[in-house]
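Listed here are the chains, written in short residue letters.
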Amino acid sequence: MPLIVTPGQFAQRAEFYHQLAQLTSAGIGLPRALEQLQRHPPARSFRGPIRRLLQHINAGNTFTESLQLTGGWLPAFDIALLDAGEHSGRLDACFKLLADYYNDRARITRQMVADLAYPVALLHLAIFIFPFAKFFMSGNLSAYLAQTFGVLLPLYAVVVAMIYAGQSKHGERWRAWVEAILHPIPMLGTGRHYLALSRLAAALEALINAGVTIIEAWGLAATASGSPALRRAVHAWKPRLGAGETPAEVVRACPRFPETFANLYSSGEISGKLDETMRQLRRIYQEEGTRKLHAVAQWVPRFIYLAVALMIAYRVVQFWTGYFKQVQDAGGF
């Protein structure tokens, strides 16, 4: 995976999963669907990984094993969810879920980039304009570069580090550390958590419909959620489930699951309609998580714009204060 993933790359991955969902839903086998995509991929860069994927499948490996052998082409979250889909025989549903997920990421990223364009341009203009008067008077180029690029380069480094830290290609310990940092942030932490609950519910629905035992289904679904905190919480239940507690009881006692999730899950367990309940929970938390992340994408550029405007106002006041002080010291008043 590249260091920085663009909205176009998210859209290409969404198209890849969308085509796989359409082909497999139409009854076309996975190898034939992948061959079709290799001939007409969403992007030329997909041809090599799809070819290697087909080679591993033809060598007798499962789809999940083949994905793992392709060497980091897809994030661990994708592979975990597709593993649950392969176990349940519902790969087409998992392909559709991933297509919707990456379409939404592309849309949020495009919105944030568009909204950030003006405040970022304004920030660069302010950084280059304010020291220019001193440079014009002194002609000291090294001082001017230190006052401009000396500010911009650390900012670039922080942005690149944040983008790199947020990528899903890292190991679980790294992702758990990022999750712990982002979780307390209003809207962002909750939105990410809700989307993880949505993915867990989708995987759980597919696994239950496939006849996978409920304890094994919970373990696979927690891994497919993409949340290290959820996976650790669910895997800690095994002794309690083995001692006779029901999943509804341990879900209700776990702080990682909101009250709405626990109540609906308990109702589904009692009524024997867990698959319908999981479908409903997936929809609820998908909509809520997406809404919160869209709100973050709208408000982050506004806060940055406000910070830039305050910085410019401070520099303007500082300039005129210094100017009037010089005039007073020179006996102008």
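Here's what I pulled together on the structure shown here. (Residues numbered from 1 in each chain as written. Predicted model: local features only at pLDDT ≥ 70, side-chain atom pairs only at ≥ 80, totals over all residues. Heavy atoms only, no water.)

### Quick word on the nonpolar core
And step 1. One finds L34, F63, W218, F257 and F261 to be the most contacted residues of the largest nonpolar core, which totals 68 residues.
And step 2. Counting 5 residues, the second largest nonpolar core, distinct from the first, contains L123, I127, L152 and V308. (Core = buried A, V, L, I, M, F, W, Y, C linked by side-chain atoms within 4.5 Å. Buried < 20%, exposed > 50% of the residue type's maximum accessible area, 1.4 Å probe, protein only.)

### Quick look at unusual backbone geometry
Both trends apply: most residues other than glycine have a negative phi, and most peptide bonds are in trans.
And step 1. The backbone of M187 shows a phi angle near 70°, a positive value even though the residue is not glycine.
And step 2. Given a relative accessible area of 31%, M187 falls into the partly exposed group.

### With respect to the environment of R279
And step 1. Relative to the elements of secondary structure, R279 occurs in helix α16 (residues 274–329).
And step 2. Residues R279 and S198, spaced 81 residues apart in sequence, show a C-alpha to C-alpha distance of 9.0 Å.
And step 3. Engagement of the side chain of R279 in a polar contact is seen with the side chain of E205, the distance being 3.1 Å. (Helix = DSSP H or I, 4+ residues; strand = E, 2+ residues; numbered from the N terminus. Polar contact = N/O pair within 3.5 Å; in protein donor to acceptor, adjacent residues only side chain to side chain.)

### Concerning the packing of aromatic side chains
And step 1. What the rule picks out here adds up to 20 aromatic pairs.
And step 2. Ring geometry for F16 against W73: centres 5.3 Å apart, planes inclined by 70°, an arrangement best described as edge-to-face. Pair noted here: F16 is in helix α1 (residues 7–25) and W73 is in the loop between α4 (63–69) and α5 (76–88), with a separation of 57 residues, a long-range link.
And step 3. Take W73: its relative accessible area is 13%, and that puts it in the buried class.
And step 4. Centre to centre, the rings of F132 and Y144 are 6.2 Å apart; their planes meet at 75°, and the pair counts as edge-to-face. With F132 in helix α7 (residues 132–138) and Y144 in helix α8 (residues 141–165), this residue pair connects regions lying 12 residues apart in the sequence.
And step 5. Take F132: its relative accessible area is 40%, and that puts it in the partly exposed class.
And step 6. Among the aromatic residues, those joined into a cluster by ring pairs are F10, F16, Y17, F46, F63, W73, F95, Y101 and Y102. (Phe/Tyr/Trp six-rings, centres within 6.5 Å; stacked < 30°, edge-to-face > 60°.)

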